[in-house]
Amino acid sequence: MEETRNESPYSNGKDWISSLPDEIIHRIMSSNYIRDVVQTCVLSKRWIHIRKSVPCLSIKRSSFPLRREHDQRFIHFVDMVFILRNKSDIQRFAIIRYRYAIGEDIVMKNVYRWIVQAVKRNVKEMSLKISQGHPEALEIPHQLVNCKSLVHLEMQVNFGFKCTDAMLPKSMDLPRLKVLWIHGVSIPNEELSKRIFSSFPVLEKLFVYHCDIPNLTVNSLSLENFVYKRLPGSTDNVIKLTTPNLKYFQCMSCVTQLYSLENCSLLFEVNFKLDLKERVLGENTEAYCNFLSHEEMVYAKHMTKFLREACMVRNMWLSYGLLEVLSEAPDLLLDSEPPCLFNMLSFWMKMRFTRGCLWAITYLLKISPRVQSILLYSKQSNLVDVGDDWDAGLSSQRMLSRLTDVSFYNVEGCDAKLKLLSFLLKHAKVLSNVRLSFRASTCSPDGVRKMELFLEKKSN
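About the thresholds
- Residues numbered from 1 in each chain as written.
- Predicted model: local features only at pLDDT ≥ 70, side-chain atom pairs only at ≥ 80, totals over all residues.
- Heavy atoms only, no water.
- Pairing = 2+ DSSP bridges.
- Helix = DSSP H or I, 4+ residues; strand = E, 2+ residues; numbered from the N terminus.
- Axes fitted to C-alpha atoms, helices over the stretch in contact; angles between N-to-C directions.
- Parallel < 35°, antiparallel > 145°, perpendicular 65-115°, else oblique.
- Left-handed = near helix turned anticlockwise from the far one by under 90°.
- Contact = heavy atoms within 4.5 Å.
- Nonpolar A, V, L, I, M, F, W, Y, C, P; charged D, E, K, R; others polar.
- Buried < 20%, exposed > 50% of the residue type's maximum accessible area, 1.4 Å probe, protein only.
- Salt bridge = Lys/Arg side-chain N within 4 Å of Asp/Glu carboxyl O.
- Disulfide = S-S within 2.5 Å.
- Arc of directions from axis to C-beta.
- Core = buried A, V, L, I, M, F, W, Y, C linked by side-chain atoms within 4.5 Å.

### Digging into the sheet that holds strand β8 (residues 185–186)
Stage number 1. Read from one edge of the open sheet, 3 strands run β4-β6-β8, paired in parallel fashion. On the outer flanks of this sheet lie β4 (138–139) and β8, each paired with one strand and no other.

Now the structure itself:
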């Protein structure tokens, strides 16, 4: 006789859900928005009381109908969550509020109250993702930027592609904040920028996305990770970092971006993706050449300065934009004191096989005496002849003496790729691994012929 199995949570008369430990139930509840948490209380009578101490409160306006007449219902619901809650601390508090209608926003008037309530409960992590429906300034509560318990703060307050001015109190003190993530915030002057980032004495990670900060100045003894992403077409600005313990620096910006690294001797990894100032120009070879000629190579000098300041970096991820800019630096080979990347171990470069890119790659290898691995990703096919003198003045006796690993992705068999590979094979005496990953277009009859010719030349 086949055994039947009772799937009910009340098997044998016992409520298995209610018998779960509080920590497990809290974890289940914390992974949901607060309205869903309230609704799950029908599963067990015990859950009605446990939800009053759930450590993570995630509030989302879209959990209710979005029509304006439901705003009061949403406000009342959140108010009752705080009223019925016991005196336990809040681990994480999150608000997601997107509003694109014009007019009075009664929800935002209450968001400030809820933030203050979370601060009073010793909140450790806070996430604010707010769109006001207008680009007016957003007032940041005094209690938030002086919260003694806050460890992690995420704040997205932009209006579309426009940044929102942040109205900050005169005094700011977040003594335990380790992670700060800001998006769409406008900070109008350098002094305010200095004052803000000096208010976080133990800050370890800073993420700045699409903000309007003309002079981003960070002086921090504790900062280890800095990520900066900037909208194309936004105002040119300057990044000034005095961060002796910085280890990781990622930047996605325009070639017009200026950098100043002071006392960043522990910098371990750099990830640079630089594009044109305006996307409408197109990310192609001709656009870069035209852009650079008009800018009189000033940005190439800025890149050279950055290489000097990042001399202790071990790993670099570089975009085509940076390589093309660097190739235009005047008299770089004639410099009596050229930059030297003493500790560089690996390069990852997204590139196009132009004469300028090949020159820049080889120059970077020349000033990196300890490099061991190179990964090259071809972003765009370019079959134009780069000439036989593209590497003039770049060879040296002990160049690439430690290079052991080379990888090419999206190989098509163009002559420029063969010339670069031949250069590497000639100088890298201990090279042991060469990987070639071919572009899908090489499967065509014409592509196959090109690859056969490429491999034939390579074997010779």
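We are not done yet, so read on.
### Here's the deal with the packing of helix α10 (residues 355–366) against helix α11 (residues 415–427)
Stage number 1. Contact geometry for α10 and α11: axes closest at 11 Å, N-to-C directions at 15°. By the angle between their directions, the pair α10 and α11 is classed as roughly parallel. Here α10 runs over α11; the crossing is right-handed. Contact residues: Leu 358, Ile 361, Thr 362 and Leu 365 in α10; Ala 416, Leu 420, Phe 423 and Leu 424 in α11.
Stage number 2. A class-by-class count of the residues in the contact of α10 with α11 yields 7 nonpolar, 1 polar and no charged.

### So, the environment of Arg 92
Stage number 1. For Arg 92, the position within the fold is in strand β2 (residues 92–98).
Stage number 2. C-alpha of Arg 92 to C-alpha of Cys 56: the two residues are 36 residues apart in sequence and 4.6 Å apart in space.
Stage number 3. Not counting residues up to four positions away in its chain, the partners in contact with Arg 92 are Pro 55, Cys 56, Leu 57, Val 123, Glu 125 and Ser 127.

### Regarding the environment of Lys 417
Stage number 1. Mapped onto the fold, Lys 417 is located in helix α11.
Stage number 2. By relative accessible area, Lys 417 is classed as buried at 2%.
Stage number 3. The spatial distance from the C-alpha of Lys 417 to the C-alpha of Arg 352 is 9.7 Å, given a sequence separation of 65 residues.

### Structural notes on the sheet that holds strand β14 (residues 258–262)
Backbone-to-backbone hydrogen bonds join strands into a sheet, with any given pair of strands oriented parallel or antiparallel.
Stage number 1. Spatial strand order, β10-β12-β14: 3 strands in an open sheet with parallel pairing. The sheet is open, and its two edges are formed by β10 (215–219) and β14, each paired on a single side. Between one strand axis and the next, the sheet turns by 5° as a mean value, whatever way the strands run.
Stage number 2. The pairing of strand β12 (residues 238–242) with β14 spans 5 bridges and is classified as parallel. Residue pairing for β14: Leu 241 is matched across the bridge by Leu 261.
Stage number 3. Across the face of the sheet, helix α6 (residues 190–197) comes into contact with β10 and β12 while running at roughly 30° to β10.

### Description of the environment of Glu 191
Stage number 1. Note on placement: Glu 191 falls in helix α6.
Stage number 2. Residues Glu 191 and Asn 215, spaced 24 residues apart in sequence, show a C-alpha to C-alpha distance of 8.8 Å.

### Examining the side chain of Thr 217
Stage number 1. One can find Thr 217 in strand β10.
Stage number 2. Thr 217 sits in the buried class, given a relative accessible area of 5%.
Stage number 3. If we ignore the near neighbours within four places in the chain, the residues touching Thr 217 are Glu 190, Ser 193, Lys 194, Phe 197 and Lys 240.

### Section: the pairing of strand β6 (residues 164–167)
Stage number 1. By the alternation rule, side chains of β6 split into Thr 164 and Ala 166, which are all buried, and Asp 165 and Met 167, of which none is buried.
Stage number 2. Sheet topology places β4 next to β6; 2 bridges connect them, and they run parallel. Within β6, the residue paired with Glu 139 across the bridge is Met 167.

### Quick word on the pattern of salt bridges
Once their charged atoms are close, side chains differing in charge can pair, the charge on each being opposite to the other.
Stage number 1. Tallied over the entire structure, the rule returns 6 salt bridges.
Stage number 2. Here Asp 71 makes a salt bridge to Arg 61, at a shortest N to O gap of 2.7 Å. Pair noted here: Asp 71 is in helix α4 (residues 71–84) and Arg 61 is in the loop between β1 (56–60) and α4, with a separation of 10 residues, a long-range link. As far as the burial class goes, Asp 71 and Arg 61 line up, both buried.
Stage number 3. The salt bridge partner of Lys 305 is Glu 309, with a shortest N-O separation of 2.5 Å. Note that Lys 305 and Glu 309 are positioned in helix α8 (residues 298–309) at a spacing of 4 residues, about one turn of the helix.
Stage number 4. You can call Lys 305 partly exposed: its relative accessible area is 36%.

### Brief notes about the state of the cysteines
Stage number 1. Taken as a whole, this structure holds 0 disulfides when the rule is applied.
Stage number 2. We note that Cys 163 lacks a disulfide partner, and the nearest cysteine sulfur, in Cys 211, lies 5.9 Å from it.
Stage number 3. Classification of Cys 163 as partly exposed rests on a relative accessible area of 23%.

### Quick word on helix α1 (residues 22–30)
Every α-helix carries 3.6 residues per turn, so stepping three or four residues along brings you back to the same face.
Stage number 1. Of all the residues in α1, the buried ones are Ile 25, His 26, Met 29 and Ser 30. Along the axis of α1, the buried positions cluster into a sector of 130°, meaning they face one direction only. Those residues of α1 that are exposed and aimed more than 90 degrees away from the buried face are Glu 23 and Arg 27.
Stage number 2. Structurally, α1 contributes buried residues whose contacts are with α2 (34–39), α3 (45–50) and β1.

### Structural notes on the nonpolar core
Stage number 1. Within the largest apolar cluster, 124 residues are counted, with the highest numbers of intra-cluster contacts made by Phe 93, Met 126, Phe 226, Phe 249, Phe 272, Met 316 and Phe 347.
Stage number 2. If one sorts the elements of this core by residue count, α10 sits on top with 8 residues.
Stage number 3. Those residues in contact with Met 316 that lie beyond four places of it in its chain are Val 270, Leu 307, Ala 310, Leu 341, Met 344, Ser 346, Phe 347 and Trp 348.
Stage number 4. If you look at the next biggest cluster of nonpolar residues, it comprises 5 residues, including Val 179, Phe 207, Tyr 209 and Val 227.

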